[in-house]
Structures are given as C-alpha cells and as structure tokens.
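Listed below, chain by chain, are the residues.
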Amino acid sequence: MTTVSRKPALRVRKPGALIVAALVAFVGTVPFAGARWQLAPVLLIPLAIMVWAWRAGTDVDAEGLRVRALAGSTFVPWSRVAELAPDPRGRVSALLTDGKVLRLTGVTTTNLAAVLEAGGQEISNPPTPD
C-alpha cells in the first residue's frame, strides 16, 4: 500500500542567507582542500552546513508539527503540545504534555502567530494575577 504525502500548510525554514554563506565557504575551501589530497574532507564541512540549512525547519499543518534536522525528523501531534513558549532570544520551543521540550527550528516570535494559524490553533493569553 502506498502512502500519499501531503504538503504542509506552512513551512518555516532557516534564512536563505545561510545557504549562500555555506556556498561561499565551500568555494573558499576548494583551493585549501586542493593543496593536498589529505585536506579534501574539509569540503564536507560547508557541504553539510548547506544541506542542513536547506533541510532544517518546521512544517506545520492541522495534524501537528514536523521538526526537520540534517538527518531525520520528529512529528508531534497538536494533542501532545501543551504550550509554545518563546525564549529571551526570540526562538520558540514546544513544551510537550510529557514534560519534554522540543525546539522548533526556524520558528521565532515574529512568525509564531502564522504557525498557530496554519495549525488551526488558538492564541491564548495566560491568566493575569489579581
């Protein structure tokens, strides 16, 4: 039986400038790695950063969140997400119902509202103390 993959409602990725910087680093390491054949593996470092910057991010749909890394991904249904919490640096993490914390790659406080809207989730404000 074949499974049909669906396109997520929202894809949040790292800035494209990271891919350009990795490409520049790759071109810059070519003369260095070409000097001796033992230095050729140095080319793998900017190549790995380029692939990571292309792939890493968070996909959002009505079913849940899929956090992608260089190799592999993690799917979390919305029922397991207790809260989406920003940190002081503006990055967002998902606090799960089992107490674990999952950093949402690419999601920041500026695009948090779009993530919640794409997932069909409501924005709730914490109760204010009296």
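Not measured: the values here are computed from a predicted model.

**Here's the deal with the nonpolar core**
Core analysis: the largest hydrophobic core is formed by 17 residues, its most contacted members being L65, V81, L84, A94, L104 and V107. Those elements giving two or more residues to this core turn out to be β3 (64-68), β5 (81-86), β6 (91-96), β7 (101-108) and α3 (112-118).

**Thoughts on the packing of helix α1 (residues 17-35) against helix α2 (residues 44-55)**
Each packed pair of helices is defined by two parameters, the angle between the axes and the distance between the axes. Contact geometry of α1 with α2 gives a least axis separation of 8 Å together with a crossing angle of 165°. The orientation of α1 relative to α2 falls into the category roughly antiparallel. Crossing of α1 against α2: the hand is left-handed. Across the interface between the two elements, L18, I19, A22, L23, A25, F26 and T29 from α1 touch P46, I49, M50, W52, A53 and W54 from α2. Here the residues of the contact of α1 with α2 are counted per class, giving twelve nonpolar, one polar and no charged.

**Some points on the environment of P86**
Tracing the backbone shows P86 in strand β5. Taking C-alpha positions, P86 is 9.7 Å from R103, a pair spaced 17 residues apart along the chain. Those residues in contact with P86 that sit more than four places away from it in its chain are R91, V92 and T109.

**Overview of the pattern of salt bridges**
Here the structure, examined in full by the defined rule, presents four salt bridges. In this structure, D59 engages R68 in a salt bridge whose closest nitrogen and oxygen atoms are separated by 2.7 Å. For D59, a relative accessible area of 5% corresponds to the buried category. Taken together, the shared-partner salt bridges in this structure form one network comprising R13, D59 and R68.

**Describing the layout of surface pockets**
One way to see where empty space is left: roll a probe the size of a water molecule over the atoms. By volume, the second largest pocket amounts to about 210 Å³. Lining the second largest pocket are twelve residues, with R6, P8, D61, R66 and R68 positioned closest to its centre. Only β2 (57-60) and β3 provide two or more residues apiece to the lining of the second largest pocket. With three residues, the top contributor of residues to the lining of the second largest pocket is β3. Grouping the constituent residues of the lining of the second largest pocket by class yields three nonpolar, two polar and seven charged.

**As for the pairing of β2**
The side-chain alternation of β2 yields two buried faces, one formed by G57 and D59 and the other by T58 and V60. Of the strand pairs in this sheet, strand β1 (residues 10-13) and β2 are connected by four bridges, and their pairing is antiparallel. Of the residues in β2, the one forming a bridge with V12 is T58. When β2 meets β3, the two strands line up antiparallel, connected through four bridges. For V60, the partnering residue across the bridge sits in β3 and is L65. Connecting the antiparallel pair β2 and β3 is a turn made up of three residues.

Definitions and limits used
- For every chain, the first residue of the written sequence is number 1, and numbering continues from 1 onward in sequence order.
- In keeping with the predicted nature of the model, local features appear solely for residues at pLDDT of at least 70, side-chain atom pairs appear and are counted solely at 80 or more, and the whole-chain, interface and lining totals rest on all residues.
- Water and hydrogen atoms play no part in the side-chain values, which are based on all heavy atoms of the structure.
- Residues belong to a common nonpolar core when they are buried Ala, Val, Leu, Ile, Met, Phe, Trp, Tyr or Cys residues joined through side-chain atoms within 4.5 Å.
- Any residue under 20% of the maximum accessible area for its type is buried, any over 50% is exposed, and the rest in between are partly exposed; the area is computed with a 1.4 Å probe on protein chains only.
- Note on conventions: DSSP H or I runs of at least 4 residues are helices, E runs of at least 2 residues are strands, and numbering of each starts at the N terminus.
- Every axis corresponds to a line fitted to the C-alpha atoms, with the helix fit spanning only the stretch in contact, and the corresponding angles, defined between N-to-C directions, vary from 0 to 180 degrees.
- What sets the label is the angle itself: under 35 degrees gives roughly parallel, over 145 gives roughly antiparallel, 65 to 115 gives roughly perpendicular, and the rest give oblique.
- A clockwise turn of the near helix away from the far one marks a right-handed crossing, whereas an anticlockwise turn of less than a right angle marks a left-handed crossing.
- By the convention used here, residues are in contact when the closest approach between their heavy atoms is within 4.5 Å.
- Residue polarity follows a fixed list, in which Ala, Val, Leu, Ile, Met, Phe, Trp, Tyr, Cys and Pro are nonpolar, Asp, Glu, Lys and Arg are charged, and the others, Gly among them, are polar.
- Here, a salt bridge means any side-chain nitrogen of Lys or Arg that lies within 4 Å of a carboxyl oxygen of Asp or Glu.
- Definitions used for this entry: grid spacing 1 Å over protein atoms alone; cavity, a set of points where a 1.4 Å probe fits but cannot get out; pocket, an open set with protein on both sides within 12 Å along at least 5 of 7 lines; lining residue, one with an atom within 4 Å of a point.
- Grid points are joined across faces, edges and corners, and a volume is the space filled by probe spheres set on the points.
- Pairing between strands is defined by DSSP: at least two bridges between them are needed.

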